[in-house]
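Tertiary structure, described
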Amino acid sequence: MRSLAALLTVLMLALPFSALAQDPSPDRLGQTGDASSNAALQSILERQQQAGSTGEIPLGARDNAADIVGQLGAGTTDDQVYRAIRLGTDDVSTQVRSPAAGVLIQTGGMRWQQLRDGPIQTYGLSLLGGMVALLALFFVFRGRIKIRSGLSGQTIQRFASIERFGHWLLASSFIILGLTGLYVLLGRHQLIPLKGPEAYAQGAIAAKWIHNNVAWAFMLSLVMIFFMWVWHNIPSPRDWQWFRQGGGIIGNGHPHSKKFNAGQKVIFWPTLILGATISASGLSLLFPFELPMFAKTFSAIAATGIPGLLGFTLPTELAPHEEMQYANLWHTIVSFVLMAIIIAHIYIGSIGMQGAFAAMGSGKVDLNWAREHHDLWVEEQEEKAAKRGKTLDGGAVAPAE
Ligand code: HEM
């Protein structure tokens, strides 16, 4: 009963978040502290809606920009001039020297902002809330996964200090990046109405600074865990057996496993791949307009012919700001997915499984835990320890009496 109450509390905490995020309407925009900028934003949104298909220039559309630019001059209507400016032409003369200097108005920005303030927050927060609710349900029905044969009282060295350092650098930097990223993302609609613009702005300046600098620690730790653990995470046919037996988590099987079982490989590879793509898009955002990657990526994907076969097209030419907008959306979406995966990992590495935390805490785990989850690895360690004349937890073997 107490567990059910805990689950309901989690759901109640998660739901208002997603409901708040769902509504980037002009009413909500008006609740923020900066009334004049909100009024301007609201007016732009309304005019864009009224403009309908004739006023809308899709992301990446530069179709007849050259024609329009050619027509500029005597007899050109304001509408034509603005269309050309919105598409971003090289003919714009400005004192500003930057890769994006030629773009004076960028219509795609409104679409980007609507996506960022609407569906991205709604689905992202729902994904995190849903994962927490799912784990709470799992905890209610399955309970803590126990060591079936009980504690042996004997330990085995599981991770060396360099491995634990790499793991905790990755974990702490990821959590800090997640929290500061959410703080910046949720500013306009969630946090400014709560804290007020002044207090929020102080926090946002700090969050942005922390986010931009802690990113380096995250990238370094990704490289560390890649080199330390990639070898142990190569998929093997044994992994199917692990999945078929529910990993010993669902059911009562004892699937064989070396240092990392299939469930851990399912954490390792997304951490690495999603972490790398979050880092790449983050670098693109950290050095604005210097590292554009989406037009090139879309061109490479288009060249495979797959989008054509599936009946859609990708924009292969993007204005500098559009590159930034794609990088921002991608960075946010993929981060939400990795956060959801990591919430599940944190659960299983702490309250979800008896004996697991010690692996990253002291570095030594109970021998019975190790035999149940990583039996083949224990056998390897026993052979190595015997050759080196050491005990399983790294100590010297006591001389025979
Ligand atoms: C902060 C709470 C966290 C706890 C309590 C925790 C706990 C653990 C434990 C106990 C292990 C070793 C499991 C074993 O003995 O085999 C582990 C491994 C690992 N952790 Fe964490 N971790 C946390 C956060 C994170 C974060 C934030 C990331 C990534 C962004 C991460 C990525 C990994 C990876 C890739 C592994 C190796 C694969 C695996 O065991 O699943 N951890 N963690």
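Placed above this text is the structure.
For the structure given in this document, a descriptive report is provided here.

Reading the values: rules and limits
- Residues numbered from 1 in each chain as written.
- Predicted model: local features only at pLDDT ≥ 70, side-chain atom pairs only at ≥ 80, totals over all residues.
- Heavy atoms only, no water.
- Helix = DSSP H or I, 4+ residues; strand = E, 2+ residues; numbered from the N terminus.
- Contact = heavy atoms within 4.5 Å.
- Areas by Shrake-Rupley, 256 points an atom, 1.4 Å probe, with all protein chains shown as cover.
- Salt bridge = Lys/Arg side-chain N within 4 Å of Asp/Glu carboxyl O.
- Buried < 20%, exposed > 50% of the residue type's maximum accessible area, 1.4 Å probe, protein only.
- Near = heavy atom within 4 Å.
- Polar contact = N/O pair within 3.5 Å; in protein donor to acceptor, adjacent residues only side chain to side chain.
- Nonpolar A, V, L, I, M, F, W, Y, C, P; charged D, E, K, R; others polar.
- 1 Å grid on protein atoms, 1.4 Å probe; cavity = no way out; pocket = protein on both sides within 12 Å on 5 of 7 lines; lining within 4 Å.
- Points joined across faces, edges and corners; volume = space filled by probe spheres on them.
- Patch = residues over 30% accessible without salt bridge, like charges linked within 9 Å, V, L, I, M, F, W, Y side chains within 5 Å.
- Lys, Arg positive; Asp, Glu negative; His and termini not counted.
- Charge placed at Lys NZ, Arg CZ, Asp CG, Glu CD.
- Core = buried A, V, L, I, M, F, W, Y, C linked by side-chain atoms within 4.5 Å.
- Axes fitted to C-alpha atoms, helices over the stretch in contact; angles between N-to-C directions.
- Parallel < 35°, antiparallel > 145°, perpendicular 65-115°, else oblique.
- Left-handed = near helix turned anticlockwise from the far one by under 90°.

Describing the overall build of the protein
Counting its secondary structure elements, the protein contains 17 helices and 2 strands. Sequence separation of 24 or more characterises 77% of the internal contacts of the protein that already satisfy a separation of 6 or more. A total of about 22400 Å² of accessible surface is found on the protein, and carbon and sulfur atoms cover 65% of it.

Here we look at the pattern of salt bridges
Two side chains with opposite charge may pair up if their charged atoms get near one another. Per the stated rule, a full pass over the model turns up 5 salt bridges. For Arg-116, the salt bridge goes to Asp-117, with nearest N and O atoms at 3.4 Å. Judged by relative accessible area, Asp-117 falls into the buried class, the value being 3%.

Regarding the site of the ligand
As a structural note, the neighbourhood of the ligand is formed by 22 residues, with Arg-158, His-167, Gln-264, His-345 and Ala-359 the closest of them. Separating an oxygen atom of the ligand from a side-chain N or O atom of Arg-158 is a distance of 2.6 Å. A distance of 2.8 Å is found between a nitrogen atom of the ligand and a side-chain nitrogen or oxygen belonging to His-167. Among the elements that make up the shell around the ligand, the one with the highest residue count is helix α8 (residues 161–185) (6 residues). Residues of the shell around the ligand, tallied by class, amount to 16 nonpolar, 5 polar and 1 charged.

Things to note about the layout of surface pockets
Here the second largest pocket is characterised by a volume of approximately 920 Å³. The wall of the second largest pocket is formed by 31 residues, among which Gly-181, His-211, Leu-285, Asn-328 and His-331 lie closest to the centre. Residue assignment for the lining of the second largest pocket shows that the elements contributing at least two residues are α6 (108–117), α8, α10 (197–229), α12 (262–286) and α15 (320–349). Tallying contributions element by element places α15 first for the lining of the second largest pocket, with 9 residues.

Considerations on the side chain of Thr-332
With respect to the secondary-structure elements, Thr-332 resides in helix α15. The residues touching Thr-332, leaving out its near neighbours within four places in the chain, are Ile-120 and Leu-185.

Looking at empty space enclosed by the protein
What the rule picks out here adds up to 3 cavities of 30 Å³ or more. Considering only enclosed or pocket space, the second largest cavity measures out at about 50 Å³ in volume. Taken together, Ser-236, Arg-238, Asp-239, Trp-242, His-256, Ser-257, Lys-258, Phe-260, Asn-261, Ala-262 and Lys-265 make up the full set of residues lining the second largest cavity. Counting only elements with at least two residues in the lining of the second largest cavity, the list comes to α11 (238–244) and α12. When grouped by side-chain class, the residues that make up the lining of the second largest cavity number 3 nonpolar, 4 polar and 4 charged.

Things to note about a nonpolar patch on the surface
A surface patch of nonpolar side chains, amounting to about 460 Å² of accessible area, comprises Ile-306, Leu-309, Leu-310 and Phe-312. Structurally, the position occupied by Leu-309 is in helix α14 (residues 306–310).

What about a positive patch on the surface?
Where like charges cluster on the molecular surface, the positive patch consists of Lys-384, Lys-387, Arg-388 and Lys-390. Tracing the sequence through the fold places Arg-388 in helix α17 (residues 375–388).

Remarks on the nonpolar core
Of all hydrophobic cores here, the largest spans 54 residues; its most connected members are Ile-156, Trp-229, Phe-336, Trp-369 and Ala-370. Secondary structure elements with two or more residues in this core: α7 (119–142), α8, α9 (187–195), α10, α12, α15, α16 (367–373) and α17. Considering every element that reaches this core, the biggest residue donor is α10, with 10 residues. Not counting residues up to four positions away in its chain, the partners in contact with Ala-370 are Ile-156, Val-365, Asp-375, Trp-377 and Val-378. Formed by 6 residues, the second largest nonpolar core is a distinct cluster that contains Phe-294, Leu-318, Tyr-326 and Ala-327.

Brief notes about the side chain of His-189
Counting through the fold element by element, His-189 comes out in helix α9. Residue classification places His-189 among the buried positions, given a relative accessible area of 4%. One polar contact links His-189 to Asp-117, side chain to side chain, over a distance of 3.2 Å.

Comments concerning the environment of Lys-208
Following the sequence through the fold, Lys-208 ends up in helix α10. Relative accessible area serves as the criterion here: at 51%, Lys-208 is assigned to the exposed category. Each C-alpha atom of the pair Lys-208 and Gly-181 lies 7.8 Å from the other, and the pair is 27 residues apart in sequence.

Here's the deal with unusual backbone geometry
Here the phi dihedral of Phe-289 falls at roughly 70°; this positive angle occurs in a residue that is not glycine. Here Phe-289 shows up in the loop between α12 and α13 (294–303). Classification of Phe-289 as partly exposed rests on a relative accessible area of 22%.

A closer look at the packing of α9 against α10
Where α9 meets α10, the axes come as close as 7 Å, and the angle between the chain directions of the two elements is 120°. Classed by the angle they form, the pair α9 and α10 counts as oblique. Between α9 and α10 lies a crossing of right-handed hand. Contact with α9, carried on its side by Gly-187, Leu-191, Ile-192 and Lys-195, involves Pro-197, Ala-199 and Tyr-200 of α10 and no other residues of that element. For the contact of α9 with α10, a count of residues per class yields 5 nonpolar, 1 polar and 1 charged.

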